[in-house]
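In case you want the letters, here they are:
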Amino acid sequence: MISAKVIADTIHKGHRITSLQLVMPRFILAQYNTHRVFSRSTASSRAIPTAKLIEQVRTNYVQPVQWGANKAGMQSEQELEANEIEKAKEIWCRAAHAAADFAEQMAALGLHKQHANRIIEPYMWAHTIVTSTEWENFFKLRIDDAAQPEIQLLAKEMKAAIDNSVPKESRYHLPYITDDEIYTYQKEKGFLSKEVNNATFEHFAPISAARCARVSYLNHDQSAPDFKKDMELSKRLLEHRHYSPFEHPARAAWYCNLQETRNFTGWAQYRAIIGG
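Here we summarise the structure given alongside this text. (Residues numbered from 1 in each chain as written. Predicted model: local features only at pLDDT ≥ 70, side-chain atom pairs only at ≥ 80, totals over all residues. Heavy atoms only, no water.)

1. A few points about the environment of Glu 55
Rule in force here: Working definition: helices are DSSP H or I runs of at least four residues, strands are E runs of at least two. Numbering for both runs from the N terminus. Exposure categories follow from relative accessible area, calculated using a 1.4 Å probe and restricted to protein chains: below 20% of the type maximum is buried, above 50% is exposed, and the middle band is partly exposed.
Tracing the backbone shows Glu 55 in helix 2 (residues 50-60). Look at Glu 55 and you get partly exposed, because its relative accessible area is 45%. Sequence separation between Glu 55 and Ala 100 is 45 residues, and the spatial gap between their C-alpha atoms is 8.2 Å.

Have a look at this one:
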């Protein structure tokens, strides 16, 4: 289930910015988060009902992609024997289901999901969006035999997704905003050109940020997005100073103060533009 999908890929004056939607084992999230050139937003296990996460763990729990034999050092060199791998998988499965059972018991006591959900995190998938202009160092470090197998696979999926994507020429980068939405808005406003302009960017950037906070174009219940609800979510995020989703929309840096580029090259993140 480890996967990477390009959701926005934009280039201007030779500077490319790409946003990917990722699915990874939650247990490698800390390694992924060490890469500070990335802007990232991850679906919080505090926000999802315990019953829903328990069901996910029971039906599709995370397990290692390799079953390496123990040795000194940070990585194994060879896998366990076939019969030992089967035993390891059985033990891991029992552990995942036991964790789900304990989380269920905690929830039955009335414990809030921000506590009960933690028990099952080692067996959960993390859904995240990442936006960056710099990928080389990440790929060098993570597509390497010294890296954990799960993040190796993730990095390979990310590189393949980027390599197979053709960036769109534009001065504006708006993840989860469709061409149809942009066209409809500009038509309603009477803009003569189909090219995104600054007014369109300012309208859609908060909506893009809200969808990045959900890590999905769709709502959590998989219903179609609603502009009003997206704007309400965007306002709540700003009120509570949850700024990270506003890092994904971006505007070409030549149009902005260079201080607004922050961790990007050639692009200014919307968070910096609004002073977050």
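2. Regarding a nonpolar patch on the surface
Our working rule: Nonpolar side chains (Val, Leu, Ile, Met, Phe, Trp, Tyr) are joined into patches within 5 Å and like charges within 9 Å, using only residues with over 30% relative accessible area and no salt bridge. Methods summary: accessible areas were calculated by the Shrake-Rupley approach with a probe of 1.4 Å, and residue burial reflects only the protein chains presented. Basic side-chain nitrogens of Lys or Arg form a salt bridge, by our definition, when they fall within 4 Å of a carboxyl oxygen of Asp or Glu.
Taken together, the side chains of Phe 102, Met 106, Leu 109, Leu 111 and Ile 119 define a hydrophobic patch exposed on the protein surface, amounting to about 460 Å² of accessible area. Residue Ile 119 is classed as partly exposed on the basis of its relative accessible area, which comes to 30%.

3. Here's the deal with the sheet that holds strand 2 (residues 15-25)
The test is simple: Think of it this way: DSSP has to see at least two bridges between two strands before they count as a pair. In this analysis, two residues are considered to be in contact whenever any of their non-hydrogen atoms come within 4.5 Å of each other. The convention used is that axes are lines fitted to C-alpha atoms, helices contributing only their stretch in contact, and that angles between N-to-C directions extend from 0 to 180 degrees.
Strand order in the open sheet formed by five strands is 3-4-2-1-5, and the pairing between neighbours is mixed. A single partner strand is all that each edge strand has here, and the edge strands are strand 3 (39-42) and strand 5 (168-169). Inspection of the sheet shows strand 2 paired to strand 4 (residues 125-132) by eight bridges, in the antiparallel sense. Residue Leu 22 lies in a different strand from strand 4, and its bridge partner there is Thr 128. Contacts from helix 6 (residues 149-163) reach strand 1 (3-12), strand 2 and strand 4 within the one sheet, and its direction differs from that of strand 2 by about 145 degrees.

4. Quick look at the side chain of Asp 230
Of note, Asp 230 is situated in helix 9 (residues 227-239). Residue classification places Asp 230 among the buried residues on the basis of a relative accessible area of 0%.

5. Side note on the nonpolar core
The criterion, for reference: The term nonpolar core refers to a set of buried residues drawn from Ala, Val, Leu, Ile, Met, Phe, Trp, Tyr and Cys, joined through side-chain atoms within 4.5 Å.
One finds Leu 22 and Met 158 to be the most contacted residues of the largest nonpolar core, which totals 24 residues. Broken down by secondary-structure element, the contributors of at least two residues to this core are strand 2, helix 1 (29-32), strand 4, helix 5 (136-142) and helix 6. No other element matches helix 6, which puts six residues into this core. Leave out the neighbours within four places in its chain, and Leu 22 touches Ser 3, Ala 4, Tyr 32, Ala 126, His 127, Thr 128, Val 130, Leu 154 and Met 158. Ranked by size, the runner-up nonpolar core spans 18 residues in total, among them Val 196, Ala 205, Ile 207 and Ala 268.

By themselves, these are just geometric observations and shouldn't be taken as functional.
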